[in-house]
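Topology and contacts: notes
Next come the chains, spelled out residue by residue.
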Amino acid sequence: MSTTKFGKKGWTPNRIKNLNGKTFVITGTTSGTGFEAAKILLAKGAKVVMLNRNPKKSKATIATLKQELGNTIDVINISMDLASQASVKEAAEEVLKTVPQIDALMLNAAIAQVPKQTFTVDGVESQMGVNHYSNFLLQALLFPRIEASNGRIVTVGSMGYNLGIKTIQFDDLNWDKNYNPNGVYSQSKLTQIMTAYELQDKLKQAGKTNVKTYACHPGASSTSLIKTSGSLLTRFIWQIMKLTPMVQSAEKGAYPELMCATEPDLDQAGFYGPTGKNYWTGPVGECKLEPHAKDKAVMQKLWSVSEDAVGIKWNI
């Protein structure tokens, strides 16, 4: 797909104007693309609210950012564990209490390729629970503040959405019968992407053009995602791949979500990320999204199943 809108080199953070007075809420910022995104936003003068589950790592991250960017940066952490819906509710409450505006909510955190079927405290399969249900819940809870701020919601998907079944396995969302680390990861990313486009449709229907929602993917980036949850073999293969030109830096992997959070007049219908071979690396622009990711009937059913699963109705 064309990256011409942003020239041959594609979109880069040079396009971001001064962000003084803007607030960005980002999940998963202690390493990888989330850390790099936070760093670039802070360097441009924004306030960053980090949502991370490990307070010790978060403290160390803030110290690193202050060391690199100076003590005057405006950054805080609110503890949140996406593997617990109660934790998501508590964190959202804290955000609403302490953060008067949200210019963009960036759903960056995820887990991947969990080798054996495991469950969250809410009793749902972990990749679906962390990557989809908790993000769905977080968006719903923070939506009124995002709407009041004329803000954005940025979903960091993955090209993995296209590597599993081409629909949602509604009859077995916990994957009890056919658990497969990659298949379920793919499903969790497909559900995230579908939610982003279904939300777009709902906003359009409600005549709410002041909130924008975008879906993107980081390509193949050198992050700790697979190291954190993948099997031994997957981790080994990934470590080898990271040494090749097939994998780009975590900083470049952060560009698509930064673009979706800051670029004015970006078309919401697009799916953004690196545009090179297999969409792994290369200039950032619009990528082709396979039609099954926008299957309207499936998107609508997923929305209502997700509302039931988290016990909350969106107020749009």
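Summary of the structure given here.

1. Notes on the side chain of Thr-120
Within the element layout of this structure, Thr-120 appears in the loop between strand 4 (104-107) and helix 4 (126-148). Assessed through its relative accessible area of 10%, Thr-120 is described here as buried. The contact partners of Thr-120, leaving out residues within four places of it in the chain, are Ala-83, Glu-125, Ser-126, Gly-129 and Val-130.

2. Observations concerning helix 2 (residues 55-69)
End to end, helix 2 covers 21 Å across 15 residues, agreeing with the expected 21 Å (1.5 Å per residue, within 8%). For helix 2, the set of buried residues is Ser-58, Thr-61, Ile-62 and Leu-65. When helix 2 is viewed along its axis, its buried side chains cluster within an angular range of 100° and face the same direction. Set apart from the buried face of helix 2 by more than 90 degrees, the exposed residues are Lys-56, Lys-59 and Gln-67. Contacts made by the buried residues of helix 2 are with helix 1 (32-43), strand 2 (47-52) and strand 3 (74-79). For helix 2, the capping residue at the N-terminal end is Asn-54, with a side-chain oxygen 3.0 Å from the backbone nitrogen of Lys-56. One or two residues past the end of helix 2 sits Gly-70, with phi positive at roughly 100°.

3. Concerning the pairing of strand 4
Of the two faces of strand 4, the one carrying Ala-104 and Met-106 and the one carrying Leu-105 and Leu-107 are both buried. Sheet topology places strand 1 (residues 23-27) next to strand 4; three bridges connect them, and they run parallel. Considered in strand 4, the bridge of Phe-24 is made with Ala-104. Alignment of strand 4 against strand 5 (residues 152-156), held across four bridges, turns out to be parallel. Counted as the bridge partner of Leu-105 is Ile-153 from strand 5. After leaving strand 4, the chain enters helix 4 and then returns to the sheet as strand 5, a path that is right-handed.

About the thresholds
Residues numbered from 1 in each chain as written. Predicted model: local features only at pLDDT ≥ 70, side-chain atom pairs only at ≥ 80, totals over all residues. Heavy atoms only, no water. Helix = DSSP H or I, 4+ residues; strand = E, 2+ residues; numbered from the N terminus. Buried < 20%, exposed > 50% of the residue type's maximum accessible area, 1.4 Å probe, protein only. Contact = heavy atoms within 4.5 Å. Expected span 1.5 Å × (residues − 1). Arc of directions from axis to C-beta. Polar contact = N/O pair within 3.5 Å; in protein donor to acceptor, adjacent residues only side chain to side chain. Pairing = 2+ DSSP bridges. Right-handed = clockwise from strand over helix to strand, strands pointing away.

Read these as spatial facts, not as claims about activity.
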